[in-house]
Amino acid sequence: MSDREFGGNDELSLPKATVQKIITEILHSDPGVTFAKDTRDLLIECCVEFITLISSEANEIAEKEAKKTIACEHVKAALEELDFGNYVPAILEVAADYKKTQASREKKQTKIEQSGMTEEELMQQQLELFRSATDKFNSGPQ
């Protein structure tokens, strides 16, 4: 897969502040070590290239299975295909944690549910607002 299919690598990046935070957290245990900005930028480029490589391979695997959505098993297969199989256990653990977090997350209420009003009450309120807006419009500038 070429860079053109992704709009060129210049458009792909990771947030520098986030990467810097990760680096700082990792180096926290080694107080004498610093990380130069150009080294951080190089690390970002390498991460983007790695993500592009894995996602391209996972996409090809999904397409072979006639799937339109890349699933966790496609990423797993891509890692194994590209000889990054040693990452699979960690990836599966993160995916399981994510699923668990999503399942236990509180469902967000819609604005309608938050209003505490019945559907009929909301419809009546809407009609009143329309009438009010129409009357105001028809009365013209004052």
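First, a word on what this report is: a plain description of the structure on this page. Within every chain, residues take consecutive numbers counted from 1 along the sequence as written. Only residues with pLDDT of at least 70 get local features here, since the model is predicted, and only at 80 or more are side-chain atom pairs given and counted; chain-wide, interface and lining totals rely on the full set of residues. To get the side-chain values, all heavy atoms of the structure are used, and hydrogens and water are removed first.

Put simply, DSSP H or I for four residues or longer makes a helix, DSSP E for two residues or longer makes a strand, and each gets a number counted from the N terminus. Along the chain, the regular secondary structure elements total six helices and zero strands. For the chain, the N- to C-terminal ordering of α and β elements is α-α-α-α-α-α. Computed over C-alpha atoms, the radius of gyration of the chain comes to 26 Å, more than 25% over the 14 Å expected from 2.2 N^0.38 for 142 residues, which places it beyond the range of a compact globule. Principal-axis analysis of the C-alpha atoms gives the chain an extent of 70 × 45 × 35 Å. We call two residues in contact whenever any of their non-hydrogen atoms come within 4.5 Å of each other. Residue pairs at least 24 apart in sequence account for 41% of intrachain contacts in the chain once pairs closer than 6 positions are excluded. The Shrake-Rupley method, run with a 1.4 Å probe sphere, supplies the accessible areas, and residue values consider only the shown protein chains as cover. When the accessible surface of the chain is summed, it comes to about 11,900 Å², and 56% of that surface belongs to carbon and sulfur atoms. Here Asp and Glu are counted as negative and Lys and Arg as positive; His is not counted, and neither are the chain ends. We put the charge of a Lys on NZ, of an Arg on CZ, of an Asp on CG and of a Glu on CD. Averaging the coordinates of the 17 positive side-chain charges in the chain and doing the same for the 27 negative ones gives two points 5 Å apart. Here the globule rule reads 2.2 Å times residues to the power 0.38, and the radius of gyration is calculated from C-alpha atoms.

Moving on to the packing of aromatic side chains. Classification of ring pairs uses Phe, Tyr and Trp, with its six-membered ring standing for Trp, and accepts pairs whose centres are within 6.5 Å; under 30 degrees between planes counts as stacked, over 60 as edge-to-face, and the remaining range as tilted. Enumeration according to the criterion identifies three aromatic pairs in this entry. Their ring planes at 55° and their centres at 6.1 Å tell us that phenylalanine 50 and tyrosine 87 sit as a pair that is tilted. Pair noted here: phenylalanine 50 is in helix H2 (residues 37-64) and tyrosine 87 is in the loop between helix H3 (72-81) and helix H4 (88-104), with a separation of 37 residues, a long-range link. Burial here depends on accessible area, computed with a 1.4 Å probe over protein chains only, as a share of the maximum for the residue type. Under 20% is buried, over 50% is exposed, and the range in between is partly exposed. Phenylalanine 50 gets classed as partly exposed once you look at its relative accessible area, which sits at 32%. Ring centres of phenylalanine 84 and tyrosine 87 lie 5.9 Å apart, and the angle between their planes is 50°; on these two criteria the pair is classed as tilted. Residue classification places tyrosine 87 among the partly exposed residues on the basis of a relative accessible area of 41%.

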